[in-house]
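Fold and geometry: a report
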Amino acid sequence: MIDDFRETEMTWLFENYESLEPYKGEWIAVDGACLIAHSLDLTTLVRLSTEAGHPNPFITAVPEGPTVHLHL
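Just so we're clear, the structure is a prediction, and the values are computed from it rather than from any experiment.

Criteria and cut-off values
Residues numbered from 1 in each chain as written. Predicted model: local features only at pLDDT ≥ 70, side-chain atom pairs only at ≥ 80, totals over all residues. Heavy atoms only, no water. Helix = DSSP H or I, 4+ residues; strand = E, 2+ residues; numbered from the N terminus. Contact = heavy atoms within 4.5 Å. Core = buried A, V, L, I, M, F, W, Y, C linked by side-chain atoms within 4.5 Å. Buried < 20%, exposed > 50% of the residue type's maximum accessible area, 1.4 Å probe, protein only. Pairing = 2+ DSSP bridges. Axes fitted to C-alpha atoms, helices over the stretch in contact; angles between N-to-C directions. Arc of directions from axis to C-beta.

Glancing now at the overall build of the protein. Helix and strand counts for the protein stand at two helices and three strands. Put simply, the protein runs from its N terminus to its C terminus through helices and strands in the order α-β-β-α-β. Dimensions of the protein along its principal axes, counting C-alpha atoms only, are 40 × 35 × 20 Å. Counted over contacts in the protein with a minimum sequence separation of 6, partners at least 24 positions apart contribute 41%.

Now the structure itself:
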């Protein structure tokens with residue numbers, strides 16, 4: 001079995017979901033348990049992350065509306 005090397009980032013997102021309110025509609029970059037950068041533009045986000053010393057962050061969009069999760 002291969003370990004999920006982004007488990008730390010996913011845990012951080014889950015635990016900090018409520019604090020992402022200011023970033024709704026933006027892209028965010030997370031590396032480890034740290035928010036590295038945010039931007040409305042994906043290209044800018046990648047540039048900002050690289051300039052901050054994190055060339056391979058976990059990148060995701062913060063939805064503007066409510067998120068629906070279905071567990072079957």
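Additional details are given in the paragraphs that follow.
Of all hydrophobic cores here, the largest spans eight residues; its members are Trp12, Leu13, Leu20, Tyr23, Ile28, Val30, Phe58 and Val62. For this core, the secondary structure elements donating two or more residues are helix H1 (7–15) and strand E1 (27–31). Excluding its chain neighbours within four sequence positions, the residues that come into contact with Val30 are Arg6, Glu9, Trp12, Leu13, Leu35, Ile36, Pro57 and Phe58.

Once that is clear, we can look at the side chain of Ser49. Tracing the backbone through its elements, the reader meets Ser49 in helix H2 (residues 42–51). If we ignore the near neighbours within four places in the chain, the residues touching Ser49 are Ala29, Ile36, Ala37, His54, Pro55 and Pro57.

Strand order in the open sheet formed by three strands is E2-E1-E3, and the pairing between neighbours is antiparallel. Among the strands making up the open sheet, the edge pair consists of strand E2 (34–39) and strand E3 (58–61). Here the strands of the sheet are splayed against their neighbours by 25° on average, with no regard to which way each runs. Contacting E1, E2 and E3, H1 crosses the sheet at an angle of about 125° to E1. On the sheet, H2 packs against E1, E2 and E3 and is oriented at approximately 140° with respect to E2.

Before going further, it helps to examine H1. Looking at H1, one finds that the buried residues are Glu9, Trp12 and Leu13. Looking straight down H1, one finds its buried side chains confined to an arc of 100°; they lie on one side. When the buried face of H1 is taken as reference, the exposed residues oriented beyond 90 degrees from it are Glu7, Phe14 and Glu15. Summarising the contacts, the buried residues of H1 are in contact with E1, E2 and E3.

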